[in-house]
Amino acid sequence: LDKDSSGLVAFATSKRGLQSLQKQLEDHSMGRTYDALVEGNVVGDSGTFREDLVGDGTHRRRWVARPDERGKPAVTHWEVVQRFGVATLVEARLRTGRTHQIRIHFSHAGHPLVGDQVYRDLRKPAFPIPFKRQALHAGHLGWEKPDGGKVSVTTPPPKDFEELLAALRKRKERAGTRANPSPP
């Protein structure tokens, strides 16, 4: 889980459990779903990012998506949950699990995560509602236990994320009211 992201993390309590989790991460069979609030109005209702991730050449831990360069394969499926005009709430499902993958893919597409100070172009005007971290929440994890049983765990976004969504809903309502004033 990225620093300053919220949500679920799985820990193994035995060597057998650890090996099982590691195998599922390697073969991409572990279910991981994230809520991401990205800047702007994303085009389309769903899609898939398939750009490889390569080092950006300037920062040791910063990556970029470059379709014309071979790097670490990264696949992110996404679907729009709600639109706010200035931002879009999406559900992102990881096929692979690279460091900062969701943040990089959306930034590359021109829709950095709200609050992201690493992958957002800081020359752009500030997002209209301040948020102290990237708006990324690991809301669901699913895996198979070594005995074959299935585990599915879900958690709602934390208070700060919910407050940001509420502020965006209120902002959208106000904008809609101004665009469609009531008749006298």
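Everything that follows concerns the structure shown earlier in this document.
What counts, and at which threshold
- Residues numbered from 1 in each chain as written.
- Predicted model: local features only at pLDDT ≥ 70, side-chain atom pairs only at ≥ 80, totals over all residues.
- Heavy atoms only, no water.
- Helix = DSSP H or I, 4+ residues; strand = E, 2+ residues; numbered from the N terminus.
- Expected span 1.5 Å × (residues − 1).
- Buried < 20%, exposed > 50% of the residue type's maximum accessible area, 1.4 Å probe, protein only.
- Arc of directions from axis to C-beta.
- Contact = heavy atoms within 4.5 Å.
- Phe/Tyr/Trp six-rings, centres within 6.5 Å; stacked < 30°, edge-to-face > 60°.
- Polar contact = N/O pair within 3.5 Å; in protein donor to acceptor, adjacent residues only side chain to side chain.
- Salt bridge = Lys/Arg side-chain N within 4 Å of Asp/Glu carboxyl O.

Peer 1: With reference to specific residues and values, describe helix 1 (residues 15-26).
Peer 2: Given a rise of 1.5 Å per residue, twelve residues ought to cover 16 Å, and the 16 Å separating the end C-alpha atoms of helix 1 matches this to within 8%. Within the sequence span of helix 1, burial applies to Gly 17, Ser 20, Leu 21 and Gln 24. Each buried residue of helix 1 sits inside an arc of 95° when the element is viewed along its axis, so together they form one side. Every exposed residue of helix 1 that faces more than 90 degrees away from the buried side is listed here: Lys 15, Lys 23 and Glu 26. On its buried face, helix 1 is in contact with strand 8 (136-144). Within two residues after helix 1, His 28 carries a phi angle of roughly 60°, on the positive side.

Peer 1: I'd like to hear about the packing of aromatic side chains, residue by residue, with values.
Peer 2: Across all of its chains, the model carries three aromatic pairs by this definition. Where Trp 78 meets Phe 106, the ring centres are 6.2 Å apart and the plane angle is 65°; that geometry is what we call edge-to-face. With a gap of 28 residues between them, Trp 78 in strand 6 (residues 76-83) and Phe 106 in helix 2 (residues 101-108) connect regions that are remote in the sequence. The exposure class assigned to Phe 106 is buried, which follows from its relative accessible area of 1%. Among the aromatic residues, ring-to-ring pairing joins Phe 49, Trp 78 and Phe 106 into one connected group.

Peer 1: Can you explain the side chain of Gln 134? Please cite residues and give values.
Peer 2: Structurally, Gln 134 can be placed in the loop between helix 2 and strand 8. Of the polar contacts made by the side chain of Gln 134, one reaches the side chain of Ser 5; its length is 3.1 Å. Those residues within four positions of Gln 134 in sequence are excluded, and the remaining contacts are Asp 2, Lys 3, Asp 4, Ser 5, Arg 103, Leu 113, Val 114, Gly 115 and Asp 116.

Peer 1: Just give me the short version of the pattern of salt bridges, but keep the residues and values in it.
Peer 2: The tally for this structure, following the rule as stated, stands at ten salt bridges. Among the salt bridges present, the one from Asp 116 reaches Arg 103, with a minimum N-O distance of 2.8 Å. Here Arg 103 lies in helix 2 and Asp 116 lies in the loop between helix 2 and strand 8, a separation of 13 residues in the sequence. Here Arg 103 falls in the buried class, since its relative accessible area comes to 4%. The residue Lys 150 makes a salt bridge to Glu 144 at a minimum N-O spacing of 3.0 Å. Given a relative accessible area of 67%, Lys 150 falls into the exposed group. The network of salt bridges with shared partners includes Glu 39, Arg 120 and Lys 124.

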